[in-house]
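Chain and residue survey
Here are the chains, one letter per residue:
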Amino acid sequence: MTSLRLGVNIDHVATIRNARGEGYPDPVRAAELALGCGADGITAHLREDRRHISDHDIAQLAELSRRRGSPLNLEMAMTPEMEAKALTCRPHAVCLVPERREEVTTEGGLDVAGQQDRLAPAVSRLRAAGIRVSLFIEPDLRQIEASRLVGADVVELHTGAWCLAVRERKVEAEARFQALKSAAFEASGRGLEVHAGHGLDYDTVGRIAALPEIAELNIGHFLIGEAIFVGLGHSIGRMRKLMDQARSTGATSEVAA
Ligand code: PXP
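What you see is a predicted model, and the numbers here were worked out from it, not measured in a lab. (Residues numbered from 1 in each chain as written. Predicted model: local features only at pLDDT ≥ 70, side-chain atom pairs only at ≥ 80, totals over all residues. Heavy atoms only, no water.)

Bringing the layout of surface pockets into the picture now. Approximately 730 Å³ is the volume attributed to the largest pocket. Counting only elements with at least two residues in the lining of the largest pocket, the list comes to helix 1 (11-20), strand 6 (154-158), helix 7 (160-167), strand 8 (214-219) and helix 10 (221-230). Looking at the lining of the largest pocket residue by residue, the class counts come to 10 nonpolar, 16 polar and eight charged. Roughly 350 Å³ of volume is contained in the second largest pocket. What lines the second largest pocket is a set of 14 residues, among which Val13, Pro25, Ala30, Leu33 and Leu232 lie closest to the centre. Breaking the lining of the second largest pocket down by element, the ones donating at least two residues are helix 1, helix 2 (27-36) and helix 10. A breakdown of the residues in the lining of the second largest pocket according to their chemical character gives 10 nonpolar, two polar and two charged. (1 Å grid on protein atoms, 1.4 Å probe; cavity = no way out; pocket = protein on both sides within 12 Å on 5 of 7 lines; lining within 4 Å. Points joined across faces, edges and corners; volume = space filled by probe spheres on them. Helix = DSSP H or I, 4+ residues; strand = E, 2+ residues; numbered from the N terminus. Nonpolar A, V, L, I, M, F, W, Y, C, P; charged D, E, K, R; others polar.)

In C-alpha cells form, the structure reads like this:
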C-alpha cells in the first residue's frame, strides 16, 4: 500500500489577509507551521484574479519549499501567464485546474478529454522543466484515460461533489463515493499517481484515506476554518491522525473517528 501524504492548502490564510489589504496573517508563516505539525507539503492556488494567493506568496513559498525540502504543489489554470510563472518558480508539482472568474471555488474537474491537443504540449513543457504534472479531474474513466494520453504524472480526483452529498445527506452520496473508489483503482492501474481533494473534513477524510491507491490528499478550507477554533497545529494534527488511522485500519463509513 502506498503511504499517504497530506498537502495543506493555505489559500484561505491569504483570503483573510486580503480582507484587510495589509500583510497579516502571512500564508508563508502558516505554511511553515503546517510543515512543522504534520503536513508533507504545501498547496497554493495562484488564481488569475489573485483573490487570495499573490505572486509574491508563490515566490516565497517556492523558496520555503527549497529550504525545507518540502514539496510545493502549485494549482493553476493552464494559461500562458501561469505556465510562465511555473517555469520561473519551478515548484515540485503543478496541478492544472479549470478556472472561471465568477466561481467561488474550483467547480468541477478539468475537461482533459475535450482539450487533449492543447494540454499534451503544455504538460510536456512543464515536465521537461522537471515539474510533476497533476490534473484535477472528476472521477470519470474518460478523463482518466485522457490524462494518461496527455502524459500527466498524477490525477487529483475531485472529491467536492461527494463531500457535499455527504454533508447534505443526499442519497447519491454512496454512488459518488463508489465512482471515486473505482476511479482511484483505474487511474492507478494506468500508472498514474492518484491524489484527491476538495471539500474534505474530519467526517469524510477517513473513507478516502482508506483507498489504498491514493498517495496524497490536498485539504485547505476546512483546516483553516477549524484553526479558528483549535489552532492550525491541532486541526492539521487531528486530520493527520484520522488519515493514518483510516489507512492502517480501513474506514467503512464517513465518520472515521
Ligand atoms: N485540490 C484542488 C485542486 C483545489 O482546487 C482545492 C481548492 O483550492 C483543494 C484541493 C482543496 O479544497 P478545500 O479547500 O475544499 O479543502
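Scanning all chains against the criterion turns up one cavity of 30 Å³ or more. There is about 30 Å³ of room inside the largest cavity. Lining the largest cavity are Leu35, Ile42, Leu61, Leu64, Ser65, Ser70, Pro71 and Leu72. Broken down by element, the lining of the largest cavity gets its largest block of residues, three residues, from helix 3 (residues 55-68). A breakdown of the residues in the lining of the largest cavity according to their chemical character gives six nonpolar, two polar and no charged.

The end-to-end C-alpha distance of helix 11 (residues 232-249), which contains 18 residues, comes to 26 Å, matching closely the 26 Å that a straight helix rising 1.5 Å per residue would cover. For helix 11, the set of buried residues is Leu232, Ser235, Ile236, Met239, Arg240, Leu242, Met243, Ala246 and Arg247. Angular distribution of buried residues about the axis of helix 11 spans 160 degrees; they occupy a single face of the element. Seen from the open side of helix 11, the exposed residues pointing more than 90 degrees away from its buried face are His234, Lys241, Ser248 and Thr249. Once helix 11 finishes, Gly250 follows within two positions and takes phi at roughly 85 degrees, a positive value. (Expected span 1.5 Å × (residues − 1). Buried < 20%, exposed > 50% of the residue type's maximum accessible area, 1.4 Å probe, protein only. Arc of directions from axis to C-beta.)

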